[in-house]
Amino acid sequence: MNVTVFSEHGKAHRDNPDVLRQHPAGIHETLKALFSGAGFDTTAVYQDDGDDGSMLTDEILDKTDVLVWWGHCMHDKVSDALVEKIVARVLCGMGCIFLHSAHLSKPLRRLLGTGCTLKWREVNERERLWVTAPAHPIAAGLPEHIELESEEMYGEHFDIPTPDELVFIGWFEGGEVFRSGVTYNRGKGKIFYFQPGHESNPSYHNPLVRKILINAANWVAPSFEIGKPAECSCVAPLEKISGKK
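Residues numbered from 1 in each chain as written. Predicted model: local features only at pLDDT ≥ 70, side-chain atom pairs only at ≥ 80, totals over all residues. Heavy atoms only, no water.

A.B. asks: Describe empty space enclosed by the protein, with residues and values.
C.D. replies: Applying the stated rule across the entire model yields one cavity of 30 Å³ or more. Ranked by the residues each element gives to the lining of the largest cavity, the list is headed by strand β1 (residues 2-8), at three residues. A per-class count over the lining of the largest cavity returns two nonpolar, four polar and two charged. (1 Å grid on protein atoms, 1.4 Å probe; cavity = no way out; pocket = protein on both sides within 12 Å on 5 of 7 lines; lining within 4 Å. Points joined across faces, edges and corners; volume = space filled by probe spheres on them. Helix = DSSP H or I, 4+ residues; strand = E, 2+ residues; numbered from the N terminus. Nonpolar A, V, L, I, M, F, W, Y, C, P; charged D, E, K, R; others polar.)

Here is the structure:
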C-alpha cells in the first residue's frame, strides 16, 4: 500500500524550538517514519512558505492509495487545481486521513461541503480521548480511553456534516468536548478526520495515537484498483418498455 504524507514545513515551524523538539525534521518526516515502520510504502512531501502544494505532483498523487494531510496556517496557499485533483481521486477510491488543523484545509472543506470551523484554545491542557465505537476497525486494540497530557483544545460546535461514524470524542481539562475522530464516505473513497496532533505537542509519539493512525490507514485504504470517476451517461433500457417501439 502506498501512503503519501503531506504537511506544512514553513519558516514558522522550522524556526520554532517547541516544534523542533517534537519533530526535528518536520511533521512530515515524523509521520513518514510512523507509516514506514508499519510496513507501508511511504512518501513524504511538504509545503514550504509560498508553495501552492506543487510538491504533491500528479505522479505522486496517481500512485497514492492513502493521503495523509496535516495543515495549520498555509491552507489558503494550496491551489484550487490541486484540491480538485485530490477530490477526484477520493471519489475514485483513494483514502484520506486529515489530521489536526487540517480541519480547515481546502480538500476537507471541499469534500464535506461545510466551513469546518470550531472553538480552540492553546494552553497545553490534558485531553481524554474516549472510544465511542469500540467495534470500529480504527479503534481495534485500544482501551476505552486514552490520556494525552498536553494538547491544543478543539471544542464544539464543530461545523461538519453529521459523520457516518463517530469513533472518538475528546474531553478537555478546561471542560470542552469535541468530535475528535470521525469518518465519511465520499464516492468510492473513505475519509477519517483525527484531532490530536498539535505541532508542539507529543501526540504523534504516543503509542496508542500511532496505533490509531496505522489502523486508520488500513481502514481508508481502497480494496480495489483506483479507476476513473463515474460518468453520468445516457443508457439503453435493460428490458423492453411496454408500449414503446
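Read on for the rest.
A.B. asks: Explain the layout of surface pockets residue by residue, including any values.
C.D. replies: A water-sized probe, rolled over the atoms, reveals where empty space remains. Each pocket or cavity is described by its volume, and for the largest pocket that value is around 180 Å³. Lining the largest pocket, in full, are H72, S101, H103, L104, C116, T117, L118, W120, E122, E152, Y154 and H198. Counting residues per element, the ones that place at least two in the lining of the largest pocket are β5 (119-131) and β6 (145-155). For the lining of the largest pocket, the residue count by class is five nonpolar, five polar and two charged.

A.B. asks: Break down the pattern of salt bridges for me, with residues and values.
C.D. replies: Tallying each qualifying case throughout the model produces 13 salt bridges. When the shortest N-O distance is used, the salt bridge between R14 and D48 registers 2.7 Å. On the criterion of sequence distance, the pair formed by R14 in helix α1 (residues 11-14) and D48 in the loop between β2 (41-47) and α4 (58-62) is long-range, its members being 34 residues apart. The class for R14 is partly exposed, based on a relative accessible area of 31%. According to the relative accessible area criterion, D48 is partly exposed, its value standing at 23%. Within this structure, R14, D48 and D49 form a network of salt bridges that share partners. (Salt bridge = Lys/Arg side-chain N within 4 Å of Asp/Glu carboxyl O. Buried < 20%, exposed > 50% of the residue type's maximum accessible area, 1.4 Å probe, protein only.)

A.B. asks: Residue-level account of the side chain of Q47, with values.
C.D. replies: Secondary-structure assignment places Q47 in strand β2. A relative accessible area of 1% means that Q47 is categorised as buried. A polar contact of 3.2 Å, which involves the side chain of Q47, links it to the backbone oxygen of D51. When residues no more than four places from it in sequence are discounted, the contact partners of Q47 are F6, S7, E8, H9, G10, M74, K77 and V78. (Polar contact = N/O pair within 3.5 Å; in protein donor to acceptor, adjacent residues only side chain to side chain. Contact = heavy atoms within 4.5 Å.)

A.B. asks: So, the packing of helix α3 (residues 27-37) against helix α7 (residues 207-220): which residues are in play, and what are the values?
C.D. replies: Think of two packed helices as two axes; the pair is described by the angle between the axes and how far apart they sit. Interaxial distance between α3 and α7 falls to 10 Å at its minimum, and their mutual angle equals 65°. Between α3 and α7, the interaxial angle falls into the category roughly perpendicular. Relative to α7, α3 is oriented so that their crossing is right-handed. Here α3 contributes L31, L34 and F35 to the contact with α7, which in turn contributes R210, L213, I214 and A217. (Axes fitted to C-alpha atoms, helices over the stretch in contact; angles between N-to-C directions. Parallel < 35°, antiparallel > 145°, perpendicular 65-115°, else oblique. Left-handed = near helix turned anticlockwise from the far one by under 90°.)

A.B. asks: With reference to specific residues and values, describe the sheet that holds β5.
C.D. replies: Overall, mixed pairing links the nine strands, which are arranged β2-β1-β3-β4-β9-β8-β7-β5-β6 in an open sheet. If you trace the sheet from one side to the other, it starts and ends with β2 and β6, each paired once. Taking each pair of neighbouring strands and ignoring which way they run, the sheet shows an average axis angle of 25°. Where strand β4 (residues 95-99) lies against strand β9 (residues 189-194), four bridges are found, and the strand directions are parallel. Counterpart to I97 in the pairing with β9 is F192. Against the sheet, α3 contacts β1, β2, β3 (66-70) and β4, and its axis sits at roughly 170° relative to β2. Each of β3, β4, β5, β6, β7 (165-172), β8 (177-186) and β9 is contacted by α7, which is oriented at about 165° to β9, the strand it contacts most. (Pairing = 2+ DSSP bridges.)

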